[in-house]
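Residues per chain are reported as follows:
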Amino acid sequence: MDFPRASLVSAVTPIEHLPRLSDELGISLHIKRDDLAGTTMGGNKSRQLEYYLGAAQQARAQTVLITGAVQSNFVRTAAASAAKLGMKTIVQLEDRVPLTDALYGANGNVLLSRLLGAEVMRYPVGEDEAGADAALRARAAEEEEAGRTPYVIPLALGNAPLGALGYMRAAEEILSQDDGFDVVVVASGSGLTHAGLLHGLRQAGHRARVIGSCVRRDAKQQHERMRQVRDALAKMTGTATIQNEDIIIWDGALAPGYGQLGPAAAQAMAMMAQTEGIILDPVYTAKVFAAVPALVARGDIRAGERVLFVHTGGLASLFAYQSALENAFPHPET
Ligand SMILES: *Cc1c(COP(=O)(O)O)cnc(C)c1O
């Protein structure tokens, strides 16, 4: 297996013990600080981009094109990482989230993408991955006509899941730091982080239960997607390590839907912030961490187990969610 990789995550991200939350939950809880991975507020997409931008460099691309939700961390991290490697970025923002306030449309990741010099285009549909990719490819063709070599980072299933390689690598990194976890809790959106981590752990013979927490689709849809990602990853790497029963999905904090903060996620954010001083983001990591107290309460995570929660970043979107956060955490004047 030999995939070109651009070096974007220069340091091993820490695994920290969370003693106060551990006491509260009756487990041994640790956090993998992948919110610190890579440049410009980092996150899991930095690890995925090492392989996409490695391929872009190999293709001698001058322009990188990428699509995502309006507050996508992926497009912002791509804009930052491509700038660092001397490439231009075109980001396509899809109307995927029914939030219309001005901050959502302009602050957070949108502001940063502009500051990073990305060209921003819009796509009016949020649940049409093939259509979003086609629009990106049409824009790439224009770049080519203008004499610039484009590289498209596709969204839909059916493309080589290069991003998952970043989390196979992260699995090795985690095992080199601490190989004693019973449970790993991670986001399951595109599924590349979840599948990469699971593939990497199983390939190393590690049997930790990996729980993917839904941020985009319900458990049934995500199960189906994960099997497809698993198969694509096996095909790409030439090794099949993930069994059906390895795919564990929880969707208890997904409501009211992608990119919208519900009560379970808000409670998880408050718990992490007020007990450990660590901020989670409203779109992804709050919904992921919510799985930990919920599964402890249900007995799926047992007393005393060693649990690793993977913080995949996303903090740049926080300030675009001001109104949702103010509603979730009313702050009466005193
Ligand atoms: C994109 C993203 C995820 C989900 O990762 P996938 O690989 O798409 O499943 C989780 N957390 C954050 C902060 C993200 O930006």
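A.B. asks: So what's going on with the side chain of Asn44? Residues and values would help.
C.D. replies: Position of Asn44 relative to the elements: it lies in helix α2 (residues 44–58). One polar contact links Asn44 to Lys45, side chain to side chain, over a distance of 3.4 Å. In this view, Asn44 contacts Asp34, Tyr167, Thr193 and Thr312; residues no more than four positions away in its chain are not counted.

A.B. asks: Could you give an account of the side chain of Asp35, with specific residues and numbers?
C.D. replies: On the secondary structure map, Asp35 appears in the loop between β2 (28–33) and α2. Residue Asp35 is classed as buried on the basis of its relative accessible area, which comes to 9%. Among the polar contacts listed, one links the side chain of Asp35 to the side chain of Arg33, at a separation of 2.9 Å. Asp35 has contacts with Met41, Gly42, Gly43, His311, Thr312 and Gly313, leaving out every residue within four places of it along the chain.

A.B. asks: Give a detailed account of the domain arrangement of the protein chain, specifying residues and quantitative values.
C.D. replies: Size of an interface: often given as the accessible area lost when the parts come together. When the domains of the protein chain are assigned, the result is domain 1 (15–43 + 161–328) and domain 2 (45–153). For domain 1 versus domain 2, the separation of C-alpha centres amounts to 24 Å. At the junction of the two partners, domain 1 supplies 35 residues and domain 2 supplies 32 residues. Three residues, Arg216, Tyr258 and Ala320, lead the burial of domain 1 against domain 2; their summed loss comes to 20% of the area buried on that side. For the pair domain 1 and domain 2, the number of links is seven salt bridges. Salt-bridge contacts for Glu127 lead to Arg216; the nearest nitrogen and oxygen are separated by 3.0 Å. Inspection of the domain 1/domain 2 interface yields 14 residue pairs in polar contact (both at pLDDT 80 or more).

A.B. asks: Tell me about helix α5 (residues 108–115), and please be specific about residues and values.
C.D. replies: Where α5 is concerned, the buried positions are Gly108, Asn109, Val110, Leu112 and Ser113. Where the residues of α5 are buried, they touch α3 (73–84), β4 (88–94) and α4 (102–106). Of the residues trailing α5, Gly117 is marked for its positive phi of about 90°.

A.B. asks: Quick rundown of the environment of Pro4? Include the residues and the values.
C.D. replies: Looking at the secondary structure, you find Pro4 in the segment before β1 (15–17). Among the residues examined, Pro4 registers a relative accessible area of 27% and is labelled partly exposed. For the pair Pro4 and Met271, spaced 267 residues apart in the sequence, the C-alpha separation amounts to 40 Å. Leave out the neighbours within four places in its chain, and Pro4 touches Glu50, Tyr51, Gly54, Ala55 and Gln58.

A.B. asks: Got a sec to walk through the nonpolar core? Specific residues and values, please.
C.D. replies: By size, the foremost hydrophobic cluster in this structure holds 98 residues, and its most contacted members are Leu29, Leu53, Ile153, Met272 and Phe289. The element that contributes the greatest number of residues to this core is helix α7 (residues 163–177), accounting for eight residues. When we break this core down by domain, the ones giving at least three residues each are domain 1 (15–43 + 161–328) and domain 2 (45–153). What Leu29 contacts, discounting residues up to four positions off in sequence, is Glu16, His17, Leu18, Leu21, Ser22, Phe289, Val292, Val307 and Phe309. Within the second largest apolar cluster, six residues are counted, among which are Leu65, Ile90, Leu136 and Ala140.

A.B. asks: Provide a residue-level description of the environment of Ala204, including the pertinent values.
C.D. replies: Structurally, Ala204 can be placed in the loop between α8 (192–203) and β8 (209–214). The class for Ala204 is exposed, based on a relative accessible area of 51%. Between the alpha carbons of Ala204 and Glu172 there is a distance of 7.8 Å; along the sequence they are 32 residues apart.

A.B. asks: Quick rundown of the sheet that holds β2? Include the residues and the values.
C.D. replies: A sheet is described by the order of its strands in space; here six strands give the open sequence β1-β2-β10-β7-β8-β9, paired in mixed fashion. Sheet topology places β1 and β9 (248–250) at the edges, where each strand pairs with a single neighbour. Adjacent strand axes in the sheet meet at a mean angle of 30°, parallel and antiparallel pairs treated alike. Where β2 meets strand β10 (residues 306–311), six bridges bridge the pair, whose relative direction is parallel. Its bridge partner being in β10, Leu29 is matched across the sheet by Val307.

Conventions used here
Residues numbered from 1 in each chain as written. Predicted model: local features only at pLDDT ≥ 70, side-chain atom pairs only at ≥ 80, totals over all residues. Heavy atoms only, no water. Helix = DSSP H or I, 4+ residues; strand = E, 2+ residues; numbered from the N terminus. Polar contact = N/O pair within 3.5 Å; in protein donor to acceptor, adjacent residues only side chain to side chain. Contact = heavy atoms within 4.5 Å. Buried < 20%, exposed > 50% of the residue type's maximum accessible area, 1.4 Å probe, protein only. Domains from an automatic or database assignment. Buried area = accessible area lost by both parts, 1.4 Å probe. Salt bridge = Lys/Arg side-chain N within 4 Å of Asp/Glu carboxyl O. Core = buried A, V, L, I, M, F, W, Y, C linked by side-chain atoms within 4.5 Å. Pairing = 2+ DSSP bridges. Axes fitted to C-alpha atoms, helices over the stretch in contact; angles between N-to-C directions.

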